[in-house]
Amino acid sequence: NAVEAPDADTTFVSMDEARAGLVDAEGLPLVYDKKAIQQYWDGQGGALQQRWVEFIGVSVPFLTKVATLLISGGTASLEAASGELARDARTRIEQLGPTYIKMGQMMSVRPDVLPQAALNELTVLQDNVEGFPTETAIQTIEQELGQRLDDVFDEFEMEPAAAASLAQVYRAKLRETGEWVAVKVQRPGVQALVSKDLYVLRRAAEVYQGLVTRFAPQQRTDYVALLNEWAVGFYTELDFENEAANMRKMAEVLADAHVSDVIVPAVYDKYTTRRLLVSEWIDGKKLSQCPPDEVRELIAVGQECFLVQLLQAGFFHSDPHPGNLIRPNNQTVARLALIDFGLVAQVRQEDMDAMVSSIIHLANKDYAALVDDFINLKILPTDCNRAKVIPLMDKALSPYVKGGGAKRYEAELKQMYGFDDKGGVGGFQAMTADMLTVLNDIPFSIPPYFALLARAVVTLEGLALSADPDYGLVVEAYPFVARKLLSEDRPELQQALQQVLYGPSAGAKGVVTPARLAALFNSAAGIVAKKEGAVFVDLDAVPEEGISLLEGLRYLLSPKASSVRQLLEEEADTAADLLLRQALRKAVPSVAASLPTPPALPFVPPPPDPMLLPLPLPLRTGLPRLV
C-alpha cells in the first residue's frame, strides 16, 4: 500500500481552527490537514522513501549491536556496556532529529524503566540538543517581524538560553517596554522533517496493527489511531501562534480555578508569528536542577495543577517534562512556572467524570465498579465478561496502584505469580495463561486521546519517582478527587459522592456511613486513611491524626463542601457530630483508660462502634440512589 499521512478526523489536540486551510511558504499547512500534507509530498518525488532509508541506516546498526550483546552474554553484557550503548543511542536519536528527540525526552525521566547510564544521556535531550547558528535565528526573527533585530530588542543575548528539539530560546530586552523576554525561534526546516517522520511512524503503526490483528484478533485497540493522535499533536507543536493561544487560555483556566502557586508566562502577541514566540522571561531554574526534597514539594504543586487541568478544566498540558517546569527565583510570585504549550489536549466532560470515578474505584480497590468506568471510557465493551475481567484487573492494576514505577511493578508481579530467583516455571505458566486470557478473551481497547494523556502522565510520574521511589499517582490524586466530590453538584458527581458515602449496608432507603463522611473530609484535607500495607485508600477508616472539629466545620460550611451539603440537606448537624466524635476519639482515650472495665455479660454483644453506624438521610427527591 502507499504510505499515507496520519488521519485527524477526530482529535483531542487543541488547535486554532480559524487558520485551517492556510499553508506556509513551502506549501505545508499551518494547521494539521492530512489531505494538504499528502498533496505536498506527492509532489516531492522520492523524499519519503529517502527518509525511510535514513531511518533504517541509523537505527538498524544500534539494534544489531544490542541483539549481539544479548545473544553472546545476556543481560549481564548489556549492563556492562550500558554507558557506551546509552551514548550511542543518544547520538543516533539526535541524528534522526526532532521526532525521535521528543521520544527520548519522554523516557529521560523514567528511572523505573531505564538504567542510570541511559537516563544520564537522555537527560541531555531535555534542553541541550545541538543548536543551530544564532545568525540563522536572527534571520528568522527579522523575516518573521519584517524589522531589524535592533529595532525590536534593546539587548539580545547571542548565546541561546536553551536549544530544544523544535526551537531555540534566547533572552532579550524589548526596546519598546524595557522588559526581559524569552524569544523562541523555530528550527529551520523542522516542519518538513517532522511531517516526513509522521509517515514513517504511521507505516510502523500499520505493521504493528497487522500483527495484533493476526495474533490477537480479540483486541480492539486502534494503534494507527493512537499514532494519529500523537502525530497531530506533534505537528501542532510547530505552530507558535497556536501555542500562544494555548498559553492565554491556560492562564485563564488556572485563574478561574484559583491556582495561585503556578504561573504561565505572558505572551507578547505583537511579536508572535507561526515560527516566532515572544513571552515573559522567568528567572529561575529547571525542576530537574533542584534537590530531591524540593522536587518532592514542587511535584505536589505540579500534580495539583495537572489534576485541575485534566479533571476540572478538560484542558491540559501534554508535555510537562523537567525542562518545561521552572522553579522561579522569586517564590513570592509563584512556586512553579509552566512553559512550552505547543501540545495541549482537550477532554470532554463525560470522560472527566469517568476518570474521577476511576480514580475513586482504583484507590479503594473496587474493581467491580471500575469495569463500568472502563466501559464509559471505551476501554472495555459493554458485553465484556466481568467474571474474567475483575480478577485480571486485580492482578494487573493492584501492583501499579501501590506505586514505585515499573521496577516495583515487575517485582510485585513476580511475587504474585510465585517467581523465584531462577524464574519459577509455575509462575511463568500462570502469568502466560493470564496473558493469553487477556489477549484472546478480553477485547479491550485504548482510546486515541490516551496517547496524549499517557505522554503527560508518564513524564510527571517519572519525575516524581526520581524524588520519591514509592510515589503512586492514583493514591496521591485521591485528595483532589475528594475535594472535587465535595464541591460539585452535577448529577454525575453526586452519584459518585453517594458511592463513597454509602456503606455496604446502604439499601433502598439511602443511608450514609458516618465513618465514610469523616474519612472523606480528611481525605479532602490531604489526610488519607489507608489499608493493605498503607497502599489503598480505606473509605471506612478515619485517620487517628485527622483534622480538628473546628477545621471540619469550617470546611463543611464553605463553598468547597456545597455538594455534600446538598446531599445531606438538613443533616448537616449530623456531619458536624461526626467530626465531634472524631475529636473526642482523639481526646478521650487517656480518660477512658483510667476507668474500671465493666464485667462482660454472657450473650450480650459489645456495643457497636458509633462511627460505623449508618445514619438515615432524607435525600432530595430526584437524586439517584445507589443500591
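Cut-off values and rules
Residues numbered from 1 in each chain as written. Predicted model: local features only at pLDDT ≥ 70, side-chain atom pairs only at ≥ 80, totals over all residues. Heavy atoms only, no water. Helix = DSSP H or I, 4+ residues; strand = E, 2+ residues; numbered from the N terminus. Buried < 20%, exposed > 50% of the residue type's maximum accessible area, 1.4 Å probe, protein only. Contact = heavy atoms within 4.5 Å. Areas by Shrake-Rupley, 256 points an atom, 1.4 Å probe, with all protein chains shown as cover. Axes fitted to C-alpha atoms, helices over the stretch in contact; angles between N-to-C directions. Parallel < 35°, antiparallel > 145°, perpendicular 65-115°, else oblique. Left-handed = near helix turned anticlockwise from the far one by under 90°. pLDDT = per-residue confidence, 0-100. Pairing = 2+ DSSP bridges. Nonpolar A, V, L, I, M, F, W, Y, C, P; charged D, E, K, R; others polar. Arc of directions from axis to C-beta. Core = buried A, V, L, I, M, F, W, Y, C linked by side-chain atoms within 4.5 Å.

**Regarding the overall build of the chain**
Secondary structure summary: the chain contains 24 helices and 15 strands in total. When burial is assessed residue by residue, the chain has 51% of its 627 residues classed as buried. Within the chain, contacts between residues at least 6 apart in sequence are counted, and of these 70% link residues at least 24 apart. For the chain, the computed accessible surface area is about 29,200 Å², with 56% contributed by carbon and sulfur atoms.

**Concerning the side chain of Ser-195**
When you line up the elements, Ser-195 lands in helix α8 (residues 190-215). Exposure remark for Ser-195: the relative accessible area of 1% places this residue in the buried category.

**Brief notes about the packing of helix α12 (residues 349-363) against helix α18 (residues 473-487)**
In contact at an axis separation of 9 Å, α12 and α18 are set at 125° when each is read in the N-to-C sense. Classed by the angle they form, the pair α12 and α18 counts as oblique. Judged by the sense of rotation from one axis to the other, the crossing of α12 with α18 is left-handed. On the side of α12, the interface is formed by Val-356, Ile-359, Ile-360, Leu-362 and Ala-363, while α18 contributes Val-474, Ala-477, Tyr-478, Val-481, Lys-484 and Leu-485.

**Quick notes on unusual backbone geometry**
The phi dihedral of His-258 falls on the positive side, at around 60°, and the residue is not glycine. Its location among the elements puts His-258 in the loop between α10 (240-256) and β5 (262-263). Relative accessible area serves as the criterion here: at 71%, His-258 is assigned to the exposed category. Backbone geometry at Asp-340 places phi at a positive 65°, although glycine is not the residue there. When you line up the elements, Asp-340 lands in the loop between β10 (336-338) and β11 (344-346). In this structure Asp-340 comes out as buried when scored by relative accessible area, which is 18%.

**Notes on the confidence of the model for the chain**
Residues of the chain with pLDDT of at least 70 account for 71%, and the chain-wide mean is 75. For the chain, strand β15 (residues 615-616) is the element with the lowest average pLDDT, namely 40, and strand β6 (residues 276-280) is the one with the highest, namely 97. With pLDDT under 50 throughout, residues 504-509 is counted as low confidence; its partners more than four residues away or in other chains account for eight contacts.

**Notes on the pairing of strand β4 (residues 180-186)**
With respect to burial, β4 is a largely interior element, six of its seven residues being buried. The turn linking strand β3 (residues 167-174) back onto β4 is made up of five residues, and Gly-178 within it adopts a positive phi angle of 80°. Sheet analysis places β4 next to β6, joined by five bridges and oriented antiparallel. Counterpart to Lys-184 in the pairing with β6 is Leu-277.

**With respect to the packing of α12 against helix α13 (residues 367-376)**
α13 packs onto α12 with a crossing angle of 160° between their chain directions and a minimal axis gap of 9 Å. Taken as axis vectors, α12 and α13 run roughly antiparallel relative to one another. Judged by the sense of rotation from one axis to the other, the crossing of α12 with α13 is left-handed. Within the contact between the two elements, α12 uses Asp-351, Ala-354, Ser-357, Ser-358, His-361 and Leu-362 and α13 uses Tyr-367, Ala-369, Leu-370, Asp-373, Phe-374 and Asn-376. Here the contact of α12 with α13 is composed, by residue class, of six nonpolar, four polar and two charged.

**What about the sheet that holds β10?**
If you walk across this open sheet you meet the four strands as β5-β10-β9-β7, and the pairing is mixed. Since the sheet does not close on itself, it has two edges, and those belong to β5 and β7 (284-286), each with one partner. Where strand β9 (residues 325-328) meets β10, two bridges bridge the pair, whose relative direction is antiparallel. Among the inter-strand pairings, Leu-325 is bridged to a residue of β10, identified as Leu-338. The strands that helix α11 (residues 292-313) touches are β5, β7, β9 and β10; relative to β10, the one it contacts most, it runs at about 50°.

**Here we look at helix α5 (residues 116-123)**
Every buried residue belonging to α5 is among Ala-118, Leu-119, Glu-121 and Leu-122, and all of these are buried. Along the axis of α5, the buried positions cluster into a sector of 165°, meaning they face one direction only.

**Side note on the nonpolar core**
Counting 90 residues, the largest nonpolar core has Leu-311, Met-393, Leu-485, Phe-521 and Val-564 as the members making the most contacts within it. No other element matches the 10 residues that α11 contributes to this core. In contact with Leu-311, other than residues within four places in its own chain, are Met-352, Met-355, Val-356, Ile-359, Phe-480, Val-481 and Lys-484. Listed in part, the 32 residues of the second largest apolar core include Trp-41, Leu-125, Ala-192 and Val-224.

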